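# Tertiary structure, described
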Amino acid sequence: MENKIKRTPRDKEPELKLRGDKIAGNRYYSKDFLHKELSLVWPKVWQIAGWASEIPEPNDFFIYKVGHEEILVVRQKDTTIRAFYNVCPHRGNLLVQVNEGSLKTFKCSYHGWEFNTEGILKYAKDSEDFVEKNLCENLSLEEVSCEESLGFVWINFDRNCTPLREFIYPAIEHLEPYQTKKFLRVLNLTAEIKCNWKMLHDNFSETYHVDTLHPELMSQMDNNYNDSQFDMYESGINRMLMPGHRPAKSFINNNVIEFPLTDVLKMWGLDPSQFNGKTSEARTALQNNKRKLAKENGYWHYEFLTNEQLTDYYHYSFFPNFSLTMTPDGFELLRPQPHPTDPERCFMEHWYMVPIIEGSLSGSSTFKGGEDISNLEGELFTETPAGRRPLQNAPHQWVEYPKESLGFIIDQDVGIALSQQKGVKSRGFKYSLLLGQEGRVRRYHEMLNDYIRRTEK
Ligand code: FES
Ligand SMILES: [Fe+2]
């Protein structure tokens, strides 16, 4: 069955025609625009509610919050997952008051109505006293669409929505070979940030800023737009394929392999000094050695990936607000969630997921090198974009930015978004002047405009 997984295609998608909608500053601070987004866009889109292995057993649940809504996501007896508005239909009290747990029934704290995990009302005190007879028979919580895919739980408020597979096509097929549903989520951070959510999603949709904002990445990532492949699909998914494990041509020291690439090469049996003066060859050599040594080192999932995917960054932007950066050794979710009332604030989420590799080699070798799994007093650790973390499902952690870090690179992105949030309000700023390689930013805003226009009618 697993061997039937199709490899991720590398074909370049024909260019999509963009209209060139002007992206003016007010969409980043207007309350009216935020209201339109929350009322016209969010109720229509598939969104990730959580990581499915957070609720492995029947009766396990968590609460997903977005805008003014709270959704109760609960694992059923038959192991499927269903999702309901977390609101008691009696008089509108929030039904569940904790963020996660395991319960056979959900009891409202106001008058004690009790619902089972299928959302059906099982008990209402004095039920014979209902003015409308039979009202409380066959009463259920209001349900939303819910699916499990790629290791995530997805929900859509619209019960008549496009199937998830169609909504995230073709990314779903491209991502299946990574077998992410078998991964562990080792990082689960959220910080409240004083900028509009789109400011950050824009940033995660282009690499034009890497040289200036993240020069540290250039020793191992070729961010030049001529070397990357950009694809935009009709569904609204965009992708960027960026060569990894070779220094960028514009990198100042591009003739010598530097850390962390040195460690990754050593880990896979290669001597970094052999690539002095020909650093661009390290990537292919690494692909070959990874392919050769994967099985014996426990890298069970490499066989489903192409040689390029063994070294490169496959970055997917999803509509409306999150991106996944795929590497064979772990993948990253970056998601700015809108604030329910303030267009100049958002909740920035940073997750990292790694495959479980038996043996001594890392579940996250892309980020550091051979020392990724260490065993300190019996606990296993792995590298993540936010530093070393225990190799286990991570509990949720609130980060107090900027006192605490969301991860070195993300902190740089967030820092610039705070400055940009101020700048776009200036009379001196008219609208974004985008380059060709920032086409995915434009495409995303045009999708947003389409959603608003379509549903406004
Ligand atoms: S509001 Fe829930 S039982 Fe009354
Ligand atoms: Fe960035």
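Residues numbered from 1 in each chain as written. Chains lettered and ligands numbered in written order. Predicted model: local features only at pLDDT ≥ 70, side-chain atom pairs only at ≥ 80, totals over all residues.

## Description of the sheet that holds strand β8 (residues 121-123)
An order of β6-β7-β8 is seen for the three strands of this open sheet, with the pairing classed as antiparallel. Whereas interior strands pair on both sides, the edge strands pair on one side only; in this sheet they are β6 (105-107) and β8. Pairwise comparison of adjacent strand axes, ignoring direction, gives a mean angle of 35° for this sheet. Summarising the sheet, β6 and strand β7 (residues 114-116) pair through three bridges and their orientation is antiparallel. (Pairing = 2+ DSSP bridges. Helix = DSSP H or I, 4+ residues; strand = E, 2+ residues; numbered from the N terminus. Axes fitted to C-alpha atoms, helices over the stretch in contact; angles between N-to-C directions.)

## A word on the pairing of strand β14 (residues 313-318)
Note on strand geometry: in a regular strand, side chains alternate between the two faces of the sheet. β14 sits mainly inside the fold: six of its six residues count as buried. Residue alternation in β14 divides its side chains into two sets, Y313, H315 and S317 and Y314, Y316 and F318, and both sets are buried. As defined by bridge partners, strand β13 (residues 238-242) adjoins β14 across five bridges and the pair is classed as antiparallel. Residue R239 lies in a different strand from β14, and its bridge partner there is Y316. (Buried ≥ 20, exposed ≤ 12 C-beta atoms within 10 Å, placed from the backbone.)

## Some thoughts on the nonpolar core
If you look at the biggest cluster of nonpolar residues, it comprises 99 residues, and the most contacted ones within it are L72, V73 and A83. Mapping this core onto the domain boundaries places at least three of its residues in each of domain 1 (2-44 + 169-456) and domain 2 (47-167). Listed in part, the nine residues of the second largest apolar core include I257, L265, A282 and L286. (Core = buried A, V, L, I, M, F, W, Y, C linked by C-beta atoms within 7 Å. Domains from an automatic or database assignment.)

## Quick look at the domain arrangement of the chain
Once the domains are mapped, the chain shows domain 1 (2-44 + 169-456) and domain 2 (47-167). Computed over C-alpha atoms only, the centres of domain 1 and domain 2 are separated by 32 Å. Elements with a minimum of two residues in the side of domain 1 that touches domain 2: α3 (171-175) and β16 (330-338). Its residues assigned to classes, the side of domain 1 that touches domain 2 shows 11 nonpolar, four polar and three charged. (Nonpolar A, V, L, I, M, F, W, Y, C, P; charged D, E, K, R; others polar.)

## A look at the sheet that holds β14
Across the sheet, which stays open at both edges, the eight strands sit in the order β12-β13-β14-β15-β16-β17-β11-β21 with mixed pairing between neighbours. Unpaired on one side and paired on the other, β12 (229-232) and β21 (397-399) mark the two borders of the sheet. For this sheet the average axis-to-axis angle between neighbouring strands, irrespective of direction, equals 15°. Of the strand pairs in this sheet, β12 and β13 are connected by four bridges, and their pairing is antiparallel. Bridge pairing links M232 to N238 in β13.

## As for unusual backbone geometry
A cis amide bond, omega 0°, links Y169 with the succeeding residue P170. Along the polypeptide, P170 turns up in the loop between α2 (164-167) and α3. Look at T79: it is not a glycine, yet its phi comes out positive at around 75°. Within the secondary structure layout, T79 lies in the loop between β3 (69-75) and β4 (81-85). Although it is not a glycine, D126 sits at a positive phi angle of roughly 55°.

## Digging into helix α8 (residues 408-423)
Counted at 1.5 Å a residue, the expected span for α8 with its 16 residues is 22 Å, and the 23 Å between its end C-alpha atoms agrees. Where the residues of α8 are buried, they touch β11 (184-193), α4 (197-203), β16 and β17 (346-354). (Expected span 1.5 Å × (residues − 1). Contact = placed C-beta atoms within 7 Å.)

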